[in-house]
Amino acid sequence: MLLVDDDPLVRTGLSMILSSTDDIRVVAEAGDGDEAVPKVTMHAPDIVLMDIRMRRMNGLAATAAVTALPNPPKVLVLTTYDLDEYVFDALGAGASGFLLKEGSPQEIIDAVRVVAAGEAMLSPRTTRKLIGHFVAARVSPRRHRARAGLSTLTEREREIVTAVAQGGTNAEIGAELHLSEATVKTHITRIFAKLDANNRVQLTIFAYEAGLVAP
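Residue positions within a chain follow its written sequence, with the count starting from 1. Predicted model: local features are reported for residues with pLDDT of at least 70 only, side-chain atom pairs are reported and counted for 80 or more only, and whole-chain, interface and lining totals are derived from all residues. In computing side-chain values, all of the structure's heavy atoms are included and hydrogens and water are not.

**Student:** How do you make sense of the UniProt feature "modified residue: 4-aspartylphosphate" (unreviewed entry) in the chain when you look at a structure like this?
**Tutor:** Residues annotated by UniProt as "modified residue: 4-aspartylphosphate" (unreviewed entry) correspond here to Asp51. Mapped onto the elements of the fold, aspartate 51 is located in strand E3 (residues 47-51). Contacts between residues were defined by any pair of non-hydrogen atoms, one from each residue, lying within 4.5 Å. Contact partners of aspartate 51, with chain neighbours within four places excluded, come to Val4, Asp5, Asp6, Gly59, Leu78 and Lys101. UniProt positions are given in the numbering used here, feature names are shortened, and annotations may be inferred rather than shown by experiment. Secondary structure elements follow DSSP: runs of H or I of four or more residues count as helices, runs of E of two or more count as strands, with numbering from the N terminus.

Structure, rendered in structure tokens:
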């Protein structure tokens, strides 16, 4: 994984925490968002742990640049505040989840593993709180696009998007809708293509903006 933070002490601490495990390896570090894309291109990490507020290019712009790359890594955003508008926009730009800097070492390790597995978005309750807060506070063209996108989905696909937004895993959604886990995965892949989304967090934002789930 790649660590991106403008505080060298934070990078050192995170590197020590993550390198203490057998299944996580830090391949590179970057001191600001400007360095993120070249480091991703050079080292091809599976995950980028991205500070959201940096003095030069911030984590929002860097997340958008990284997720626009071919075969991009998953981005996990670091923040001090759980209700951070930059984090909400980073999730909309393709980040797979966010993590509070005050988290314990084990929470940081678990967060990286969850994002690496790609099964469920990180901290569903906290992520939905953030998404619900900012969707309720904004009236934006995104809402109109979301409602237009809703018309492209079948009734079954709408049910699955709603279940994803409520934090369900593929297995849980399958049990609820009487579908196999493989069928749920197939539906989600088709939904990603229809909505031009690349992860479950973006589906959750869509569900709120389209009115499938109430903030």
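More follows now that the structure is in view.
**Student:** Looking at this model, I keep getting lost on the side chain of threonine 21. Mind explaining?
**Tutor:** Mapping threonine 21 onto the fold places it in the loop between helix H1 (8-19) and strand E2 (28-30). Accessibility expressed as a relative area gives 13% for threonine 21, which makes it buried. Residues adjacent in sequence count toward polar contacts only when both atoms are side-chain atoms; beyond that, a polar contact is any pair of N or O atoms within 3.5 Å, and within protein one must be able to donate a hydrogen and the other to accept it. Within the local environment of threonine 21, its side chain forms a polar contact with the backbone oxygen of leucine 18, the two atoms lying 2.8 Å apart. Apart from the residues lying within four places of it in its own chain, the contact partners of threonine 21 are Ile109 and Arg113. Residue burial is assigned from relative accessible area. The probe radius is 1.4 Å, only protein chains are included, and a residue is buried under 20% of its type maximum, exposed over 50%, and partly exposed in between.

**Student:** Looking at this structure, how should I read the confidence of the model for the chain?
**Tutor:** Any region with low pLDDT has predicted coordinates that should not be read closely. Averaged over every residue, the pLDDT of the chain is 88; residues scoring 70 or more account for 95%. At the level of individual helices and strands, the chain shows its lowest average pLDDT in helix H6 (residues 124-137), which scores 75, and its highest in strand E1 (residues 2-4), which scores 96. Each residue carries a pLDDT score, the predictor's confidence in it, ranging from 0 to 100.

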